[in-house]
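Residues per chain are reported as follows:
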Amino acid sequence: MRCVFVQFRCQSGKTYEVADAIYAREVVSELYSTSGEYDLIAKVYIPDEADVGHWLNEALFDIPGISRTLTTMTFKAF
(Lines give C-alpha, C1' and ligand atoms only; values in the text may rest on other atoms or scores of the structure.)
Protein backbone atom coordinates (compact mmCIF):
# COMPACT_ATOMS: atom_id res chain seq x y z
CA MET A 1 0.00 0.00 0.00
CA ARG A 2 1.16 3.51 -0.79
CA CYS A 3 0.40 6.34 1.61
CA VAL A 4 -0.65 9.72 0.23
CA PHE A 5 -2.04 12.79 1.92
CA VAL A 6 -4.88 14.64 0.23
CA GLN A 7 -5.93 18.16 1.19
CA PHE A 8 -9.41 19.38 0.31
CA ARG A 9 -10.63 22.93 -0.16
CA CYS A 10 -14.39 22.99 0.23
CA GLN A 11 -17.03 25.36 -1.03
CA SER A 12 -18.17 27.83 1.59
CA GLY A 13 -20.31 26.15 4.24
CA LYS A 14 -19.76 22.63 2.85
CA THR A 15 -16.81 21.37 4.92
CA TYR A 16 -18.85 19.16 7.27
CA GLU A 17 -20.88 17.71 4.39
CA VAL A 18 -17.68 16.91 2.49
CA ALA A 19 -16.10 15.34 5.58
CA ASP A 20 -19.18 13.17 6.15
CA ALA A 21 -19.15 12.07 2.50
CA ILE A 22 -15.44 11.21 2.64
CA TYR A 23 -15.92 9.07 5.75
CA ALA A 24 -18.97 7.37 4.24
CA ARG A 25 -16.82 6.01 1.42
CA GLU A 26 -14.54 4.23 3.92
CA VAL A 27 -11.34 4.86 1.92
CA VAL A 28 -9.37 7.15 4.24
CA SER A 29 -7.29 6.12 7.22
CA GLU A 30 -7.51 9.50 8.98
CA LEU A 31 -9.32 12.78 8.30
CA TYR A 32 -8.69 16.12 10.01
CA SER A 33 -9.95 19.67 9.70
CA THR A 34 -7.12 22.14 9.15
CA SER A 35 -6.37 25.84 9.11
CA GLY A 36 -4.91 27.65 6.13
CA GLU A 37 -5.67 27.33 2.43
CA TYR A 38 -7.32 23.91 2.74
CA ASP A 39 -10.16 22.80 5.01
CA LEU A 40 -9.48 19.06 5.39
CA ILE A 41 -6.54 16.68 5.14
CA ALA A 42 -6.85 12.92 4.71
CA LYS A 43 -4.34 10.11 5.02
CA VAL A 44 -5.09 7.55 2.33
CA TYR A 45 -3.54 4.15 1.60
CA ILE A 46 -3.72 3.20 -2.07
CA PRO A 47 -3.10 -0.35 -3.36
CA ASP A 48 0.37 -0.75 -4.90
CA GLU A 49 -1.03 -1.89 -8.24
CA ALA A 50 -3.44 1.07 -8.55
CA ASP A 51 -2.79 4.27 -10.49
CA VAL A 52 -2.85 6.97 -7.80
CA GLY A 53 -4.61 9.65 -9.86
CA HIS A 54 -7.20 7.31 -11.27
CA TRP A 55 -7.88 5.71 -7.87
CA LEU A 56 -8.33 9.06 -6.12
CA ASN A 57 -10.57 10.40 -8.88
CA GLU A 58 -12.87 7.40 -8.61
CA ALA A 59 -12.80 7.13 -4.81
CA LEU A 60 -12.95 10.74 -3.62
CA PHE A 61 -12.77 13.58 -6.08
CA ASP A 62 -16.36 13.41 -7.31
CA ILE A 63 -17.79 14.39 -3.92
CA PRO A 64 -20.02 17.48 -4.20
CA GLY A 65 -18.69 20.53 -2.36
CA ILE A 66 -14.99 19.99 -3.12
CA SER A 67 -13.55 22.97 -4.98
CA ARG A 68 -9.87 21.96 -5.04
CA THR A 69 -7.51 19.20 -3.91
CA LEU A 70 -3.79 18.86 -3.32
CA THR A 71 -2.23 15.39 -3.23
CA THR A 72 1.15 14.81 -1.58
CA MET A 73 2.95 11.56 -2.38
CA THR A 74 5.05 9.95 0.35
CA PHE A 75 8.22 7.91 -0.04
CA LYS A 76 9.72 6.72 3.25
CA ALA A 77 8.49 6.75 6.83
CA PHE A 78 11.04 7.58 9.54
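Each remark here, short or long, concerns the structure printed above.
A short tour of the structure in this document, coming up.

## As for the nonpolar core
Reasoning step 1: Phe8, Ile22, Leu40, Val44 and Leu60 are the most contacted members of the largest nonpolar core, which totals 20 residues.
Reasoning step 2: When neighbours within four sequence positions are excluded, Leu40 is seen to be in contact with Val6, Gln7, Phe8, Cys10, Thr15, Val18, Ala19, Ile22, Leu31, Tyr32, Ser33 and Thr34.

## Notes on the pattern of salt bridges
Reasoning step 1: Within the structure shown, the criterion is met by 4 salt bridges.
Reasoning step 2: The partner of Glu17 in a salt bridge is Lys14, with the nearest N and O atoms 3.6 Å apart.

## Here's the deal with the environment of Val28
Reasoning step 1: Among the structural elements, Val28 can be located in the loop between helix 1 (15–24) and strand 2 (30–33).
Reasoning step 2: Given a relative accessible area of 14%, Val28 falls into the buried group.
Reasoning step 3: The spacing of Val28 and Val44 is 16 residues in sequence and 4.7 Å in space, taken between C-alpha atoms.
Reasoning step 4: Not counting residues up to four positions away in its chain, the partners in contact with Val28 are Ile22, Tyr23, Ala42, Lys43, Val44 and Leu60.

## Focus on the packing of aromatic side chains
Reasoning step 1: The tally for this structure, following the rule as stated, stands at 1 aromatic pair.
Reasoning step 2: Considering the side-chain rings of Phe8 and Phe61, the 6.5 Å spacing of their centres and the 75° angle between planes classify their relative orientation as edge-to-face. With Phe8 in strand 1 (residues 2–10) and Phe61 in the loop between helix 2 (52–59) and strand 4 (66–73), this pair connects stretches of sequence that are 53 residues apart.
Reasoning step 3: For Phe8, a relative accessible area of 0% puts it in the buried group.
Reasoning step 4: Its end group placed over the ring of Tyr38, Arg9 keeps NZ or CZ at 4.8 Å from the ring centre.

How each quantity is defined
Residues numbered from 1 in each chain as written. Predicted model: local features only at pLDDT ≥ 70, side-chain atom pairs only at ≥ 80, totals over all residues. Heavy atoms only, no water. Core = buried A, V, L, I, M, F, W, Y, C linked by side-chain atoms within 4.5 Å. Buried < 20%, exposed > 50% of the residue type's maximum accessible area, 1.4 Å probe, protein only. Contact = heavy atoms within 4.5 Å. Salt bridge = Lys/Arg side-chain N within 4 Å of Asp/Glu carboxyl O. Helix = DSSP H or I, 4+ residues; strand = E, 2+ residues; numbered from the N terminus. Phe/Tyr/Trp six-rings, centres within 6.5 Å; stacked < 30°, edge-to-face > 60°. Lys NZ or Arg CZ within 6 Å of the ring centre and 35° of its normal.

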